[in-house]
Every structure is written in structure tokens, then in C-alpha cells.
Amino acid sequence: MSEIPGDLKFLKSHEWARVEDDGLVRVGISDHAQAALGDLVYVELPEIGASVQAGNGVAVVESVKAASDIYSPVSGEIVEVNEALTDKPEVINEDAFGEGWLFVVRPSDRAELDDLLSADAYAEQIENEDH
Amino acid sequence: MTAKTVLNDTHRALGARMVDFGGWDMPINYGSQMEEHHAVRGDAGMFDVSHMTVIDLHGPRTREFLRRLLANSVDKLKVAGKALYSCMLNERGGVIDDLIVYFFDDAHYRLVVNAATRAKDLAWIETQARAFDVTVKERPEFAMIAVQGPNARGKVIGLIAEADRPRIEKLGKFAAAAAPGPHGMPLFVARTGYTGEDGFEIIVPEEHAVALWQALVDAGVRPCGLGARDTLRLEAGMNLYGQDMDEDVSPWEANLGWTIALDEGRDFIGRAALEAQKADGVKRVMVGLVLDDKGVLRHGQKVLTAQGEGEILSGSFSPTLEKAIAFARIPAGEPGDIRVDIRGRELPVRLVKYPFVRDGKPCEGI
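Named according to an unreviewed UniProt entry, chain B is Aminomethyltransferase originating from Dyella thiooxydans. Of chain B, the UniProt comment under Sequence similarities (unreviewed entry) reads exactly: "Belongs to the GcvT family." Looking at chain B in UniProt, the text filed under Function (unreviewed entry) is "The glycine cleavage system catalyzes the degradation of glycine."

Looking up chain A in an unreviewed UniProt entry gives the name Glycine cleavage system H protein, with the organism given as Dyella thiooxydans. As its UniProt record puts it under Sequence similarities (unreviewed entry), chain A is described as follows: "Belongs to the GcvH family." UniProt's Subunit (unreviewed entry) comment on chain A is quoted here verbatim: "The glycine cleavage system is composed of four proteins: P, T, L and H."

Shown next, in the form of C-alpha cells:
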């Protein structure tokens, strides 16, 4: 199990959110999630400009095995997507917390961030899942 | 309660990711399904398939019984050790299971059937066997390891007692023989498999399975999970029970017409229904599809054709072809341009003849 960066917040469904200096929220899936999914072969990203609701499915990652919906941790507008994943979805397997990010949201309600799990709480969740 | 094969601890020690597979706790992969898939296509990999059910049939009327039970004809089995692939049908011509039958002698045959269908298969076989006084004996004390890939046979033969090697080397496809393995353990080696590669499926008494697995690892055979087994068999154009066929699908509709033997005077279960369906014209066909766009074809997706709707049966990303492939069941007749509905988007797919991959290479037209 790799280290979970302390500046990240999480959804129970394994998405991470990082609040950038400019207030935008970058979103990806956890290292634990990529390991569970296995080799990723396809990513369906949202449209730039799309408005999203916290907790709604906005992207899909597919491994050889299965397709998984990716939920947005916050409401707002999609301002950037990681186009590099279109040709190299395996980057998520290699660097889930870094280069493997999926999309960036301009949040409309920053209070939603308070509902997310801390890195410690998320670590505890996956610890329990493994038993 | 989840069942475990005798190799369960071995899989865990190797770091396997375990999943529930039809009530069995089985390895889905040991880190990378993709690498395991390529190991089988390029060299040699092995699968624990001990969850499959081995059933021995005994009695003087066993051949007569199998003539009735199976849609394929056991009369094709003339030499001891020969094997045959067949469907076992219900009276409606639906597939109860697909299986391999091995011929020892007229009073002794062996069936290997799927894991998830074990209980219903046994119940059906036992019911049908009564009229023939055939003894149906499950053999849970056997483990089974499939070793597959272009170098699989060589690596297995290296583990067999020297005096027996030439005999096993000469074993033809779909034939089996007994031979002593490492430390003299008794192996039943069959030149069969489920990956489209050459190789052996080995039945071994449980108490020797861990030692055999280790000997195969030492011989350079890569442990592979059931994830890779699924992508390999799909590329190879082989049906998966429960996904590509079931009790409401006939062999005609599952592209298994080649396994039906309509030999004269043999009244097998389901024959009348099959003949009626053929006379009436088979309404649904199973086809191969390739998606050239990005995306993955999955079981249950809707397929749109000029003749109406069908659905994806087995579908996956193909590691060898690096694009999505699938089986689909669609209405018979000229299908026109075919599209698949993937989460509300209709993507064009190509209808192809499968297998998709043979001997490690894409087939023509794929």
C-alpha cells in the first residue's frame, strides 16, 4: 500500500480531491482503487464546461475486468480534463495520486469539501475493507 | 460459505488478488491480468482450475448412457484417452452445461464440468443415469492445473519421468494419458485447454497439487488468475457458460452447431427440439464484434441491427489486439450496420468471424 498524501480528501467511493492554490479542485481515484480495478484500458472523461453535482457520476474508468463510475466530490463546473489518459489510461495505474488525475472542477460550494473524508479517515476505511 | 481449492494458501502467498468466483475463492490476478495474458500468449502460464468438477462414470452401459446424455456423439471416441467436447441439453434443447468427456474404456468415462453449475449438473446426470445403472462418482479429491502457452508442453514434459516423456510428447490434441510427475506423483495429462494456445490440463490428487504448482513455477511457468483466462478464451472464440449460453439457448444459437452430432438412430436428450428449431429456422445467431473506436464492450450492452436488437454476451478489452471485442447474440438475417449502445452512446462495431486470435496472432480480418 502506497502512502496516502495528507493534503488529499476522499469520497468513500475512492475518488480523491485536492484543493489547488487557485481554489480549483483536482480529482482522481486512489491508489487503492486503481490496484483493485487492475489494468486500466479506457477512460471516459467529462466535457469541459459541463456542470456537475457532488456525488454524481461524471466519468468512467474501465479496466480489462469492469467499468466503474467516477463521482465528483464537489459541485461546480469542469474546467480541465486529463486528455493524456485517452491514449495512456495506464498512467492511472502508475501514478494515481499524481499524473493519473482525471479532471478539475471549479467548485460552486466550497462547504461541500468539509463533507469529504480526511486522508486518515480514508486510510482507516480501506484498512477495514481489507479485513 | 466460500469454497477453497487446495492451492488457496499458495495463491495468497504469491500475492494473488482473490475474488468470489461462483462460490469459490479464486485468484483473479497476481498483480497484472495484462502481463499474465501476454505470458500465456508468448511463453507459458498456468491456472488453478481445481474448482471445476471431475465426475467419473462407471458401469457396463456407460457408453449407452452418454449417447443419450450428450449432444455430441461419444461414438467418436474410439481410443482410450481420447476426449470430446459436448453440450449436455435439456428436453427443450437448451444448454445445461458444456463439458469435456474422456474415454477410458466402455465401462468408464470421465466428465469435467463447470464449477458454477456443479450441483445442477450432478443432479441431472444422476437422474438420467438411473435408467442405465451407471454409477456417478464425483472426484473432489482431485485438483486441476491448466498449463497453457507455446512453451507450456515443453515445460510440463520436463517434469515427467524420463521414460514416460516420449509417450506424453506424442499425445495428440484432445487426448490424455497418465504419467508420473515430480517425485512420482500420479498425473493425468490432457492436451486440452481454454486459451487458444497449446498446452495441458493436468488432473492431480489434491495432496500433490501444491508440489506440482511449485515445480511448474520452478520450470518457469507463470501463475495466472482467472481474469487472464477470461480474456484469453474470448480472444480464442470459446464460449463461457452462463454468459454466452444457458438453459434457454440452444447450441445452434450459441455457435456450437459443430458439436451437435445428428447421427442416425441416436435419441439424445434435446434432439427433437434441436431438429424442430433447425427446421423452423434458427431465429438468433451468435456473432463476433470488434470495436475500432475507444471504449470497451461489456456483457449486457444493447446491440442495434437492421433486424432488431441483440445483446453483448462476453465482451472485454482484448490485450492482444488492444481493442474491445465481444460475442453478441443478434436476430438472424442481414444485420446491416451494427451499433452498440455504450452508456447512451451508439458506437459502430464490425461483425467479424472469430476466433479473434490464433497462435498468439490476430486472425485475418480482425
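More follows now that the structure is in view.
Novice: Go over the interface of chain B and chain A, please, and point to the residues and values.
Specialist: With 14 residues of chain B at the contact, the number on the chain A side is 15 residues. In this assembly, chain B packs against chain A so that about 1,400 Å² is buried in total across both faces, 50% of it on carbon and sulfur atoms. At the boundary of chain B with chain A, the tally comes to five salt bridges. Put simply, B:R343 and A:E62 hold a salt bridge, and the shortest N to O gap is 2.9 Å. Counting the contacts that link chain B with chain A gives 14 residue pairs in polar contact (both at pLDDT 80 or more). The set of elements that each furnish at least two residues to the side of chain B that touches chain A consists of α2 (33-42) and β16 (308-318) of chain B. Classifying every residue of the side of chain B that touches chain A gives four nonpolar, five polar and five charged.

Novice: Go over the UniProt feature "domain: Aminomethyltransferase C-terminal" (unreviewed entry) in chain B with me, naming the residues and quoting the values.
Specialist: In this numbering, the UniProt entry assigns the feature "domain: Aminomethyltransferase C-terminal" (unreviewed entry) to residues 284-357 of chain B. Along residues 284-357 of chain B, the helical share is 0% and the strand share 62%, with 24 Å between the first and last C-alpha atoms.

Novice: With reference to specific residues and values, describe the sheet that holds strand β11 (residues 186-190) of chain B.
Specialist: Residue and element names in this part refer to chain B. The strand order across the open sheet built from six strands is β10-β11-β12-β9-β3-β13, with neighbouring strands paired in mixed fashion. Only two strands of the sheet have a single partner each, and these edge strands are β10 (176-180) and β13 (222-223). In the sheet, strand β9 (residues 142-148) pairs with strand β12 (residues 199-205) via seven bridges, with the strands oriented antiparallel. From the neighbouring strand, A143 faces β12, where its bridge partner is V204. Lying on the sheet, helix α7 (residues 206-218) is in contact with β3 (45-48), β9, β11, β12 and β13; it crosses β12 at an angle near 145°.

What counts, and at which threshold
Residues numbered from 1 in each chain as written. Chains lettered and ligands numbered in written order. Predicted model: local features only at pLDDT ≥ 70, side-chain atom pairs only at ≥ 80, totals over all residues. Heavy atoms only, no water. UniProt positions renumbered as here; feature names shortened; annotations may be inferred. Contact = heavy atoms within 4.5 Å. Buried area = accessible area lost by both parts, 1.4 Å probe. Salt bridge = Lys/Arg side-chain N within 4 Å of Asp/Glu carboxyl O. Polar contact = N/O pair within 3.5 Å; in protein donor to acceptor, adjacent residues only side chain to side chain. Helix = DSSP H or I, 4+ residues; strand = E, 2+ residues; numbered from the N terminus. Nonpolar A, V, L, I, M, F, W, Y, C, P; charged D, E, K, R; others polar. Pairing = 2+ DSSP bridges. Axes fitted to C-alpha atoms, helices over the stretch in contact; angles between N-to-C directions.

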